[in-house]
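Each chain, letter by letter, is given below.
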Amino acid sequence: MSTGRNLLIASVVLNVFLAGALAGGAVWIKRGKPAQGYSLEAAGGRLPDQQRTLFRKALREVRQESRDVIRDGQQARREAADLLRQPVLDTAALAAALERARNADVTVRTRLEQRIIEFAAAGSAEDRSLLAEGLSRRAGPQPSTPPKKSP
């Protein structure tokens, strides 16, 4: 009797686990990829197919043109990580490495934003509206202004 009872308990636990996994998988599939929501490329997600393809191609070209800058930023982050692992922290070297990484990030971001400006300038008002909607969605809800206190 105890073997049957143990098998029943194991079966219930396994079924609860599988049901949870299926429910979690369904939610994940329904919501889409989590990383998708915060890239500049995702802002063009609602553009018509042809425009979306051109938009993504333009941003991909910027990334390809910026490969050296991206690599420099990655190398600077690796150097910063190595410096953090040292028994004695060289704060000046760490600050310099982090500054190089930040400068690389800003450079690439600036180039991407410039390409978006060029794309928007060449597009229709409807396409610009869709881009604006995408950027607004990625920015999150607008914060409400707190009520002013009267003196």
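Only a predicted model underlies this, so the values are computations on that prediction, with no experimental measurement involved.

The rules behind these values
Residues numbered from 1 in each chain as written. Predicted model: local features only at pLDDT ≥ 70, side-chain atom pairs only at ≥ 80, totals over all residues. Heavy atoms only, no water. Salt bridge = Lys/Arg side-chain N within 4 Å of Asp/Glu carboxyl O. Helix = DSSP H or I, 4+ residues; strand = E, 2+ residues; numbered from the N terminus. Buried < 20%, exposed > 50% of the residue type's maximum accessible area, 1.4 Å probe, protein only. Contact = heavy atoms within 4.5 Å. Axes fitted to C-alpha atoms, helices over the stretch in contact; angles between N-to-C directions. Parallel < 35°, antiparallel > 145°, perpendicular 65-115°, else oblique. Left-handed = near helix turned anticlockwise from the far one by under 90°. Nonpolar A, V, L, I, M, F, W, Y, C, P; charged D, E, K, R; others polar. Expected span 1.5 Å × (residues − 1).

Participant: Explain the pattern of salt bridges here, please?
Facilitator: Oppositely charged side chains can pair when the atoms bearing their charge come close. All chains considered together, the criterion is met by eleven salt bridges. Measuring nitrogen to oxygen at the nearest pair gives 3.2 Å for the salt bridge that ties Arg 115 to Glu 61. Here Arg 115 is found in helix 4 (residues 91–122), whereas its partner Glu 61 is found in helix 2 (residues 49–65), with 54 residues between them in sequence. What makes Arg 115 buried here is its relative accessible area of 19%. The partner of Glu 79 in a salt bridge is Arg 100, with the nearest N and O atoms 2.2 Å apart.

Participant: Explanation requested: the side chain of Ser 66 in the structure shown.
Facilitator: Its place among the elements puts Ser 66 in the loop between helix 2 and helix 3 (67–85). Judged by relative accessible area, which is 1%, Ser 66 ranks as buried. Ignoring anything within four residues of it in the chain, the contact list for Ser 66 reads Val 108 and Arg 111.

Participant: In this structure, what is going on with the packing of helix 2 against helix 4? I would like to understand it.
Facilitator: Axis angle and axis distance: for two packed helices, these are the angle between their axes and the distance between the axes, and together they describe the pair. Where helix 2 meets helix 4, the axes come as close as 9 Å, and the angle between the chain directions of the two elements is 150°. If you check the angle between helix 2 and helix 4, you find them roughly antiparallel. Seen from above, helix 2 lies across helix 4 with right-handed handedness. Taking contact as the criterion, the partners of Gln 51, Leu 54, Phe 55, Ala 58, Leu 59, Glu 61, Val 62 and Glu 65 in helix 2 are, on helix 4, Arg 111, Leu 112, Arg 115, Ile 116 and Phe 119. Partitioning the contact of helix 2 with helix 4 into residue classes produces eight nonpolar, one polar and four charged.

Participant: Sorry if this is basic, but what is going on with the packing of helix 3 against helix 4 here?
Facilitator: Closest axis-to-axis distance for the helix 3/helix 4 pair is 8 Å, and the angle between their directions is 155°. Judged by the inter-axis angle, helix 3 sits roughly antiparallel to helix 4. Note that helix 3 runs across helix 4; the crossing there is left-handed. Every residue of helix 4 that contacts helix 3 at Val 69, Ile 70, Gly 73, Ala 76, Arg 77, Glu 79, Ala 80, Leu 83 and Leu 84 is listed here: Ala 93, Leu 94, Ala 97, Leu 98, Arg 100, Ala 101, Ala 104, Asp 105, Thr 107, Val 108 and Arg 111. Split by residue class, the contact of helix 3 with helix 4 holds 13 nonpolar, two polar and five charged.

Participant: Sorry, what's going on with helix 4 here?
Facilitator: One turn of an α-helix holds 3.6 residues; hence residues three or four places apart share an orientation. End to end, helix 4 covers 46 Å across 32 residues, agreeing with the expected 46 Å (1.5 Å per residue, within 8%). Along helix 4, the residues classified as buried are Leu 94, Ala 97, Ala 101, Ala 104, Val 108, Leu 112, Arg 115, Ile 116, Phe 119 and Ala 120.

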